[in-house]
Amino acid sequence: MSYKNFPMVPRVIFGRGSFNQLNEVLAPKRLGLNAPFIFLVDDVFKNNPWLTSRISLYYDDRIIFISSKEEPKTSQVDALVEEIILNTKERPSGIIGIGGGTLLDLAKAVAIMLTNEGEAKDYQGWDLVKNPAIYHVGIPTISGTGAEVSRTTVLTGPDKKLGINSDFTPFDQVILDSELTKDVPKEQWFYTGMDCYIHCVESLKGSYLNAFSQSYGEKSFDLCKEIFLEHSNPITDTEAQEKLMMASWHGGMSIAYSQVGVAHAMSYGLSYLLGTKHGIGNCIVFDQLEDYYPEGVALFKQMKAQHGIELPQGICAHLNDEEFDIMIDVSLGLEPLWENAIGKNWKKVITRAKLKELYQKM
Ligand SMILES: [Fe+2]
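Residues numbered from 1 in each chain as written. Predicted model: local features only at pLDDT ≥ 70, side-chain atom pairs only at ≥ 80, totals over all residues. Heavy atoms only, no water.

Describing the coordination of the iron ion
Around the iron ion, the donor atoms from the protein are D195 (OD), H199 (NE2), H264 (NE2) and H278 (NE2), and they sit 2.1 to 2.2 Å away. Here the iron ion is ringed by four donor atoms whose angles at the metal span 85 to 173°, and the overall shape comes out irregular. On the primary sequence, the residues serving as donors to the iron ion are separated as D-x3-H-x64-H-x13-H. Remark: H278 occurs in helix α9 (residues 278–286) and H264 occurs in helix α8 (residues 262–274); sequence separation between them is 14 residues. Accessibility classification places H264 together with H278 in one group, the buried group. (Donors = N, O, S within 2.8 Å, 3.2 Å for Na, K, Ca; no water. Tetrahedral: all angles 85-135°; square planar, octahedral: opposite > 155°, others 65-115°. Helix = DSSP H or I, 4+ residues; strand = E, 2+ residues; numbered from the N terminus. Buried < 20%, exposed > 50% of the residue type's maximum accessible area, 1.4 Å probe, protein only.)

Right, here's the structure in full:
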């Protein structure tokens, strides 16, 4: 038995307004006048000087605004890397991702691909990255995905949806400023928050569970219950925003040393075929998983009702057999997730017919 030697984010700043410290954090990391910092920022902040005016641009530094409407793609990473190489005199001093899971994952992937040859799709998998990434910083503006702590960067490629899992993937620096999450719309707040909640349920109910994962997972699970069931105004309440930021962190830490489960495995299928975003996809799947996570799903339905969330129905209604097969193939390909969820004999329990039946309900 060999245990994982898991790399953690070495530096973190936590606190309301800590985004103001960004410039002083970056200054000593500048490698030269021709080696800029590239800021990848969610384009919802494009006309938002409250955020952008606090990013000081020197020399050739620049902001690239990116839409997070779609899940990040390997081709998008390759295009960004090419654009950065063509427009900078020297290798950049660093990549700073500011946004949700999509922007954070893109920042990690771009930082890796600036020092590794080939295309991003070549590195989808486990430990395929050869060279250390350039300095990269993650600044979440929505809480739940755990992308700020994870050792992966989930990407949709030409033939699979899979992350670049490597020791070089985690951020060198994270800034956790809950104030940046203050304007997240309710639906997104809920779906992304539920990504965190589902990480906890899948980790805590999985066969890979151990004391490391459990200690983080239980804390995060309790925080989710407080935020989504007890706070009177959890979206606007500062304390709840800070709690959700830490729930996301702990949820990410919990799955780092265990694994996610059925909801994630099936949601990857939806996302690959239909482009369903991760948070909402997880919710659509999890809503149907009472056989696998009875207590977790019951509590989820309670949270959903309390916040007046209505999930889209019938997103698989028009699909043909071939399309169901594509989703089932993507989902079954995520073997560690199934092994964690069901156990070593998962292949006897999880049949193609079973998955099709579940997808047909969504
Ligand atoms: Fe997730």
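Here we look at the packing of helix α11 (residues 321–332) against helix α14 (residues 352–360)
Interaxial distance between α11 and α14 falls to 10 Å at its minimum, and their mutual angle equals 115°. Taken together, α11 and α14 sit at an angle that is classed as roughly perpendicular. Where α11 crosses over α14, the two elements pack in a sense that is right-handed. Packed against α11, whose contacting residues are D321, F324, D325, M327, I328, D329, S331 and L332, the element α14 presents R352, L355, K356, Y359 and Q360 at the interface. In terms of residue class, the contact of α11 with α14 is built from six nonpolar, two polar and five charged. (Axes fitted to C-alpha atoms, helices over the stretch in contact; angles between N-to-C directions. Parallel < 35°, antiparallel > 145°, perpendicular 65-115°, else oblique. Left-handed = near helix turned anticlockwise from the far one by under 90°. Contact = heavy atoms within 4.5 Å. Nonpolar A, V, L, I, M, F, W, Y, C, P; charged D, E, K, R; others polar.)

A few points about the domain arrangement of the protein
Taken domain by domain, the protein holds domain 1 (11–181) and domain 2 (186–360). Relative to domain 2, the C-alpha centre of domain 1 lies at a distance of 25 Å. With 29 residues of domain 1 at the contact, the number on the domain 2 side is 24 residues. In total, about 2,300 Å² of surface goes out of reach between domain 1 and domain 2, with carbon and sulfur atoms giving 63% of it. Inspection of the region where domain 1 meets domain 2 yields one salt bridge. With a closest N to O distance of 3.9 Å, E71 and K277 form a salt bridge. In this structure, the connection of domain 1 to domain 2 is made through ten residue pairs in polar contact (both at pLDDT 80 or more). Secondary-structure elements contributing two or more residues to the side of domain 1 that touches domain 2 are β1 (12–14), β7 (154–156), β8 (161–165) and β9 (173–176). Looking at the side of domain 1 that touches domain 2, its residues break down into ten nonpolar, ten polar and nine charged. (Domains from an automatic or database assignment. Buried area = accessible area lost by both parts, 1.4 Å probe. Salt bridge = Lys/Arg side-chain N within 4 Å of Asp/Glu carboxyl O. Polar contact = N/O pair within 3.5 Å; in protein donor to acceptor, adjacent residues only side chain to side chain.)

Some thoughts on the sheet that holds β1
Spatially, the six strands line up as an open sheet ordered β1-β9-β6-β4-β2-β3, and their pairing is parallel. Taken across any chain shown, the strands that pair with only one partner, and hence form the sheet edges, are β1 and β3 (62–66). Ignoring strand direction, the axes of neighbouring strands in this sheet form an average angle of 15°. Relative to strand β6 (residues 136–140), strand β4 (residues 94–99) runs parallel, the two being bridged by five bridges. Residue pairing for β6: I98 is matched across the bridge by I139. The sheet strands contacting helix α3 (residues 74–86) are β2 (37–42), β3 and β4, and the helix crosses β3 at an angle near 160°. (Pairing = 2+ DSSP bridges.)

Describing the packing of aromatic side chains
Taken as a whole and judged by the stated rule, the model has twelve aromatic pairs. With 6.5 Å between their ring centres and 55° between their planes, W189 and F190 make a pair best called tilted. Aromatic side chains F212 and Y257 sit 4.9 Å apart centroid to centroid with 40° between the ring planes, which places their arrangement in the tilted category. Of the two residues, F212 sits in helix α6 (residues 211–230) while Y257 sits in the loop between α7 (238–256) and α8, which places them 45 residues apart along the sequence. One aromatic cluster is present, built from ring pairs that chain together W189, F190, Y191, Y197, F221, F228, F286, Y293 and F300. We note K4 situated over the ring of Y257; from NZ or CZ to the ring centre the distance is 5.6 Å. (Phe/Tyr/Trp six-rings, centres within 6.5 Å; stacked < 30°, edge-to-face > 60°. Lys NZ or Arg CZ within 6 Å of the ring centre and 35° of its normal.)

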